[in-house]
Amino acid sequence: MGQENQTVVAEFCFSDFPQFENGSLLLFVPLLFIYVFIIVGNFTIFSAVRLDTRLHNPMYNFISIFSFLEIWYTTATIPKMLSNLISERKTISFIGCLLQMYFFHSLGVTEALVLTLMAIDRYVAICNPLRYAVIMTPRLCAQLSTGSCVFGFLMLLPEIVWISTLPFCGPNQIHQLFCDFEPVLRLACTDTSMILVEDVIHAIFILTSVSIISLSYLRIITVILRIPSGESRQKAFSTCAAHVTVFLLFFGSVALTYLRFSVTFPPLLDKATALVFAVLAPLFNPIIYSLRNKDMKDAAMLSTVSGARDTI
């Protein structure tokens, strides 16, 4: 069929969401609760770090940036999921789909970079404590944070621009919970062998971040084990445990999704994996950083009280 006779797809349909009468409300309520918890929890962490001068150091600065990114990372996908659960038309415009992919993945890349910076920060603090204040200066931390955001949002632009030029003229059913590269590219009416190139680019970035973080924490663990004081050793382990847990949740689900190349997962497992890194991993971030850290709990409580006083 000639290009002129093809119908251009103006919107995509999420075909795997249940209809309202088939119990989608049972999914809507817990997802809404999770989303509200993610927003409130991460905003509380962000505000606590900004308001409490005791937390004005590189580690908490990176945590607050990560929490701020989590708010927008989940906002890129969850509100649309909620809408799809209660509306009859479970569609998204072509432009809306591109924007969702761009912001979701740009924020995800930026989060991965911030997690890498957090690992490097802990490495310097524990393995080279005498030079920590000299190396991790406020200016350097600000430059690294800004650079991560700029790189994260520039890295995805070429892919999004390329996808926007592809012809979409056939099926428009997206078999995923949100717009993602592979499900969308499979609907293009042209050669999409570039998917392999994208997979390689994603793999290089993910493996580089994972390698840096893993090597940093392996070195940290060897240094901690040599600390003579049991109390100091326990405090160091406790601090790093929170970072490692977030790292495993985030990169574990990301690796399952983007490091499989041509391996095909069953549809249910595919969606479960997407749900983990898009919803469940952000859910545990405020829990991990709040409950495992006394300074953070105290600051969060102070922030909440201050907010209540301002309201009154």
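Parameters and conventions
- Residues numbered from 1 in each chain as written.
- Predicted model: local features only at pLDDT ≥ 70, side-chain atom pairs only at ≥ 80, totals over all residues.
- Heavy atoms only, no water.
- UniProt positions renumbered as here; feature names shortened; annotations may be inferred.
- Core = buried A, V, L, I, M, F, W, Y, C linked by side-chain atoms within 4.5 Å.
- Buried < 20%, exposed > 50% of the residue type's maximum accessible area, 1.4 Å probe, protein only.
- Helix = DSSP H or I, 4+ residues; strand = E, 2+ residues; numbered from the N terminus.
- Contact = heavy atoms within 4.5 Å.
- Pairing = 2+ DSSP bridges.
- Axes fitted to C-alpha atoms, helices over the stretch in contact; angles between N-to-C directions.
- Arc of directions from axis to C-beta.
- Polar contact = N/O pair within 3.5 Å; in protein donor to acceptor, adjacent residues only side chain to side chain.
- Disulfide = S-S within 2.5 Å.
- Phe/Tyr/Trp six-rings, centres within 6.5 Å; stacked < 30°, edge-to-face > 60°.
- Expected span 1.5 Å × (residues − 1).

Per an unreviewed UniProt entry, the recorded name for the protein chain is Olfactory receptor, and the organism is Ursus americanus. Heading Function (unreviewed entry) of the UniProt record for the protein chain holds this comment: "Putative odorant or sperm cell receptor." Regarding the protein chain, the relevant UniProt record gives this comment under Sequence similarities (unreviewed entry): "Belongs to the G-protein coupled receptor 1 family."

## Here's the deal with the nonpolar core
Phe12, Phe168 and Val184 are the most contacted members of the largest nonpolar core, which has 85 residues in total. With 18 residues, the top contributor of residues to this core is helix H4 (residues 94–127). The contact partners of Phe12, leaving out residues within four places of it in the chain, are Lys90, Thr91, Ile92, Phe94, Cys97, Phe168, Asn172, Ile174, Val184 and Leu187.

## Let's talk about the sheet that holds strand S2 (residues 91–93)
Read from one edge of the open sheet, three strands run S2-S1-S3, paired in mixed fashion. Every other strand in the sheet has two partners, leaving S2 and strand S3 (173–174) as the edge strands with one partner each. The strands that H4 touches are strand S1 (11–14), S2 and S3; relative to S2, the one it contacts most, it runs at about 90°.

## Notes on helix H7 (residues 157–164)
Listing the buried residues of H7 in full gives Glu159, Ile160 and Ile163. Burial along H7 is one-sided: seen end-on, the buried residues are contained in an arc of 95°.

## Observations regarding the UniProt feature "transmembrane region" (unreviewed entry) in the protein chain
Taken from the UniProt record, the annotation "transmembrane region" (unreviewed entry) applies to residues 25–48, 60–82, 102–120, 140–163, 200–225, 237–260 and 272–291. Secondary structure over residues 140–163 splits into 96% helix and 0% strand, and the C-alpha atoms at its two ends are 36 Å apart.

## Observations concerning the side chain of Asp52
Counting through the fold element by element, Asp52 comes out in the loop between helix H1 (24–51) and helix H2 (58–75). A polar side-chain atom of Asp52 sits 2.7 Å from a polar atom in the side chain of Arg54.

## A closer look at the state of the cysteines
Under the definition given, this model contains two disulfides. Note on cysteine connectivity: Cys97 is disulfide-linked to Cys179, with sulfurs 2.1 Å apart. When the S-S torsion is -125°, as for the bridge of Cys97 with Cys179, the disulfide is left-handed. Linking Cys97 in helix H4 with Cys179 in the loop between S3 and helix H8 (181–185), this pair joins segments that are 82 residues apart in sequence. Here Cys97 and Cys179 have matching classes, each one buried. At a sulfur-sulfur separation of 2.2 Å, the disulfide partner of Cys169 is Cys189. Linking Cys169 in the loop between H7 and S3 with Cys189 in the loop between H8 and helix H9 (194–225), this pair joins segments that are 20 residues apart in sequence. On the basis of relative accessible area, Cys169 is assigned to the buried category, the value being 19%. For the protein chain, numbering the cysteines in disulfides from first to last along the sequence yields the connectivity 1-3, 2-4.

## Re the packing of aromatic side chains
This model, assessed by the stated rule, comprises 15 aromatic pairs. Ring geometry for Phe103 versus Phe153: centroids 6.4 Å apart, planes at 65°, classification edge-to-face. Taken together, the positions of Phe103 in helix H4 and Phe153 in helix H6 (residues 138–155) put the pair 50 residues apart, joining distant regions of the chain. Judged by its relative accessible area of 23%, Phe153 is partly exposed. Each ring, one from Phe104 and one from Phe178, has its centre 4.9 Å from the other, and the planes form 50°; the classification is tilted. With Phe104 in helix H4 and Phe178 in the loop between S3 and H8, this pair connects stretches of sequence that are 74 residues apart. Residue Phe104 is classed as buried on the basis of its relative accessible area, which comes to 2%.

## Some points on H1
Spanning 28 residues, H1 covers 40 Å between terminal C-alpha atoms, matching the ideal 40 Å at 1.5 Å per step. Within the span of H1, buried status applies to Ser24, Phe28, Leu31, Ile34, Tyr35, Ile38, Gly41, Asn42, Ile45, Ser47, Ala48 and Val49.

## Quick notes on the environment of Ile63
Structurally, the position occupied by Ile63 is in helix H2. The exposure class of Ile63 is buried, given its relative accessible area of 2%. In sequence terms Ile63 and Tyr289 are 226 residues apart; their C-alpha atoms lie 8.3 Å from each other.

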